[in-house]
Amino acid sequence: MKAALLVLLGILCCGLPAMADRGGWAQVPGIVAEALLAFRQTEHALARAINENLDGEVLGRLAPRGHLPMNFDATRHLAWTLLDLNQDGRPEVFLLFPWTSLDGNNEVSMGVLLVDDGRGRWRTACDIEAKQRLDSFEPVRVLAARHRGWHEFAIRNERHRVMRYAWRRENGRMVCAGQW
């Protein structure tokens with residue numbers, strides 16, 4: 001009965017074209033899924049944390065008193081963005097993990113920047129952190145400054161200061177690090 005009333009209200013308020021609207025399905029881009037999978041295979045402290053089974057034998061089920069499962073869930077505990085920092089046509093993948101098991105009630109989320117080595121293998125270029133706002137995160141700002149073809153970038157951190165990330169060559173690969 002309620003559903004029929006809602007449809008009728010939709011027709012009266014919005015006209016018949018509203019009935020033709022479709023709900024689109026959104027997917028995480030394949031490149032983000034690949035990068036996350038590759039990151040989870042590493043020994044990085046964040047990767048070990050998101051791989052840990054905190055729910056025991058009740059995987060994916062509500063805990064007593066209706067609490068959500070505690071394990072990492074990419075649908076709730078992953079934020080990402082894609083940017084081509086070296087202009088090679090392949091985007092680098094920024095992954096943030098807004099998950100209280102990692103961050104507590106902190107206003108900042110820890111994450112990583114993953115770079116495709118050109119042979120379909122992902123590696124961690126640096127650790128990052130980003131300030132959380134109510135419904136999103138501070139955006140990554142690509143800066144004009146470059147080092148060996150790689151753009152520097154900046155993200156606002158927990159102290160409301162902008163952390164600038166610069167590039168350097170280490171063991172034959174480009175890595176980044178935060179600087180004030």
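Only a predicted model underlies this, so the values are computations on that prediction, with no experimental measurement involved.

1. Description of the pattern of salt bridges
- Counting across every chain of the model gives seven salt bridges.
- Of the charged contacts, one joins D117 and R121 as a salt bridge, the two residues approaching to 3.6 Å between their closest N and O atoms.
- The partly exposed category is assigned to D117, whose relative accessible area is 28%.
- The closest approach of N and O atoms between E170 and R168, which form a salt bridge, is 2.8 Å.

2. Examining the state of the cysteines
- Under the counting rule described, the total for this entry stands at one disulfide.
- For C126, the disulfide goes to C176, at an S-S distance of 2.0 Å. Handedness here is read from the sign of the S-S torsion; for C126 and C176, about -80°, the answer is left-handed. With C126 in strand β4 (residues 122–131) and C176 in strand β8 (residues 173–179), this residue pair connects regions lying 50 residues apart in the sequence.

3. Some points on the side chain of D116
- Structurally, D116 can be placed in strand β3 (residues 108–116).
- The buried category is assigned to D116, whose relative accessible area is 15%.
- Of the polar contacts made by the side chain of D116, one reaches the backbone nitrogen of G118; its length is 2.8 Å.
- Within polar-contact distance, the side chain of D116 engages the backbone nitrogen of G120 at 3.3 Å.
- D116 has contacts with R90, R121 and W122, leaving out every residue within four places of it along the chain.

4. A closer look at unusual backbone geometry
- Of note, Q87 is a non-glycine position whose phi angle comes to about 50°, a positive value.
- Tracing the chain through its elements places Q87 in the loop between β1 (79–83) and β2 (92–96).
- Given a relative accessible area of 53%, Q87 falls into the exposed group.
- A positive phi is found at R148, a non-glycine position, where the angle reads about 50°.
- Among the secondary structure elements, R148 is positioned in the loop between β5 (141–147) and β6 (150–156).
- Classification of R148 by relative accessible area gives exposed; the value is 55%.

Definitions and cut-offs
Residue numbers here run from 1 along each chain, matching the order of that chain's written sequence. A pLDDT threshold of at least 70 governs which residues receive local features in this predicted model, and a stricter bar of 80 or more applies before side-chain atom pairs are shown or counted, although totals over entire chains, interfaces and linings include all residues. Only hydrogens and water are set aside when side-chain values are computed; all heavy atoms of the structure are taken into account. The term salt bridge refers to a pairing of a side-chain nitrogen on Lys or Arg with a carboxyl oxygen on Asp or Glu at a separation within 4 Å. Exposure is judged per residue with a 1.4 Å probe applied to protein chains only, and the accessible area is read against the type maximum: over 50% gives exposed, under 20% gives buried, and values in between give partly exposed. Whenever a pair of cysteine sulfur atoms sits within 2.5 Å, that pair is classed as a disulfide. Secondary structure elements follow DSSP: runs of H or I of four or more residues count as helices, runs of E of two or more count as strands, with numbering from the N terminus. Counted as a polar contact is a pair of N or O atoms within 3.5 Å, where, for protein atoms, one must be capable of donating a hydrogen and the other of accepting one, and residues adjacent in sequence contribute only when both atoms are in side chains. Whether two residues are in contact is decided by their heavy atoms: any pair within 4.5 Å suffices.

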